[in-house]
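# Topology and contacts: notes
Here is what each chain is made of, one letter per residue.
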Amino acid sequence: MSNNIVWHEQSLSKEERRHKNQHHSTVFYFTGLSGSGKSTIANAAARRLFDLGVKTYVLDGDNVRHGLNKDLGFSDEARKENIRRIGEVSKLFVDSGQVVFTAFISPFQEDRDTVRALLEEDEFVEVYISSPLEVCEERDPKGLYQKARAGEIPEFTGISSPYEEPVNPEITLRTDIYSVEECVDQLVAYVKDRNWL
Ligand code: ADP
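All of the points below concern the structure found in this document. Since we're looking at a predicted model, the values are computed, not measured. (Residues numbered from 1 in each chain as written. Predicted model: local features only at pLDDT ≥ 70, side-chain atom pairs only at ≥ 80, totals over all residues. Heavy atoms only, no water.)

### Looking at the packing of helix H4 (residues 76-95) against helix H5 (residues 109-118)
Here H4 crosses H5 at 25°, and the two axes come no closer than 9 Å. In terms of axis orientation, H4 runs roughly parallel to H5. Where H4 crosses over H5, the two elements pack in a sense that is right-handed. Two secondary-structure elements touch here, H4 through Lys80, Ile83, Gly87, Glu88 and Lys91 and H5 through Glu110, Asp111, Val115 and Leu118. (Axes fitted to C-alpha atoms, helices over the stretch in contact; angles between N-to-C directions. Helix = DSSP H or I, 4+ residues; strand = E, 2+ residues; numbered from the N terminus. Parallel < 35°, antiparallel > 145°, perpendicular 65-115°, else oblique. Left-handed = near helix turned anticlockwise from the far one by under 90°. Contact = heavy atoms within 4.5 Å.)

Shown next as structure tokens:
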């Protein structure tokens, strides 16, 4: 890194932005198997909070893998870099006073902890979107499990690549038991319990 880069202190602080927005800013860091419901719930929760006056944004594969991270593949190193950039972008969202939902499989605890370490304690909420592999495979919304079973996708999480369940997530949403709306209710209850809006 260049020695000539000096961090310019912004005239507007995160606290001022939060005060103006009248809500806390944080990352809801979703993790779970493909098909567990991360995108579905992230989008439904973002909509629900938006309707309550919260500034929200969803970061997912579509807007990250096709843009910012389109130069990255799926090697261990590239996966790490993918998550590192997602973490840094999320941090900018939090600094700007917004609530950001990230919807990536993010299978490794170490990577999730790397993002956690970038943020303050009340700015990172690990949300485990939990559903048994069989249920995810049955849903197979993008046909990826079928391809993975046919050997067409190497290192597919849950099939040929491991998924490490979160050790101590702030929130666990069981999408095999609860409906999308019920899961969103549970997330909103967490927000309200903390007086974040
Ligand atoms: P992911 O982002 O984790 O890969 P998606 O949200 O793309 O998963 O897909 C989950 C699929 O499961 C969707 O087709 C969704 O409609 C379905 N589904 C069924 N029940 C639920 C639930 N309770 N929560 C979330 N998704 C559900």
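### Points about the site of the ligand
Gly35, Lys38, Ser39, Thr40 and Tyr178 are the nearest of the 15 residues found near the ligand. Between the ligand and Ser36, the relevant distance is 3.3 Å, taken from an oxygen atom to a main-chain nitrogen or oxygen of the residue. Ser39 places a polar main-chain atom, nitrogen or oxygen, 2.9 Å from an oxygen atom of the ligand. With the chains in place, 75% of the 570 Å² that the ligand exposes on its own is no longer accessible. Taking a 2 Å distance to the grid points as the criterion, the majority of the atoms of the ligand fall inside the largest pocket. Of the residues forming the shell around the ligand, the biggest block, 4 residues, is contributed by helix H2 (residues 38-51). (Near = heavy atom within 4 Å. Polar contact = N/O pair within 3.5 Å; in protein donor to acceptor, adjacent residues only side chain to side chain. Areas by Shrake-Rupley, 256 points an atom, 1.4 Å probe, with all protein chains shown as cover. 1 Å grid on protein atoms, 1.4 Å probe; cavity = no way out; pocket = protein on both sides within 12 Å on 5 of 7 lines; lining within 4 Å. Sits in = over half its atoms within 2 Å of the grid points.)

### Brief notes about the packing of aromatic side chains
On inspection of all chains with the given rule, the structure shows 7 aromatic pairs. Arranged with centres 5.2 Å apart and planes meeting at 10°, the rings of Tyr57 and Phe93 form a pair that is stacked. Here Tyr57, found in strand S2 (residues 56-60), pairs with Phe93, found in helix H4; they are 36 residues apart in sequence, far enough to count as distant. The class for Tyr57 is partly exposed, based on a relative accessible area of 37%. Geometrically, the ring pair formed by Tyr128 and Tyr163 is stacked, given 6.2 Å between the ring centres and 20° between the ring planes. Placement of the pair is Tyr128 in strand S4 (residues 124-130) and Tyr163 in the loop between helix H7 (144-149) and strand S5 (171-174), with a sequence separation of 35 residues. Neither residue differs from the other here; Tyr128 and Tyr163 are each classed as buried. Taken together, Phe28, Phe30 and Phe101 form an aromatic cluster joined through their ring pairs. The ring of Phe74 carries Arg65 above its face, with NZ or CZ at 4.0 Å from the centroid. One Lys or Arg, Arg194, reaches over the ring of Tyr190 and ends 3.6 Å from the middle of that ring. (Phe/Tyr/Trp six-rings, centres within 6.5 Å; stacked < 30°, edge-to-face > 60°. Buried < 20%, exposed > 50% of the residue type's maximum accessible area, 1.4 Å probe, protein only. Lys NZ or Arg CZ within 6 Å of the ring centre and 35° of its normal.)

### Comments concerning the sheet that holds S2
Taken together, 5 strands build an open sheet; the order of strands is S2-S3-S1-S4-S5 and the sheet is parallel. The open sheet has two free edges, formed respectively by S2 and S5, since each of these has just one partner strand. When the angles between neighbouring strand axes are averaged without regard to direction, this sheet yields 20°. When S2 meets strand S3 (residues 99-103), the two strands line up parallel, connected through 5 bridges. Of the residues in S3, the one forming a bridge with Leu59 is Thr102. Against the sheet, H2 engages strand S1 (27-31), S2, S3, S4 and S5, with an angle of about 170° to S3. (Pairing = 2+ DSSP bridges.)

### Quick word on the environment of Thr31
Mapped onto the secondary structure, Thr31 falls in strand S1. Thr31 gets classed as buried once you look at its relative accessible area, which sits at 0%. Along the chain, Thr31 and Glu126 lie 95 residues apart, while their C-alpha atoms are 7.5 Å from each other. Setting aside residues no more than four positions away along its own chain, Thr31 makes contact with Lys38, Phe104, Ile105, Ser106, Arg112, Glu126, Val127, Tyr128, Ile129, Tyr163 and Pro166. Within the structure, the side chain of Thr31 is placed 3.2 Å from the backbone oxygen of Ser106, a separation counted as a polar contact.

Everything listed here is a matter of geometry and, on its own, says nothing about what the molecule does.
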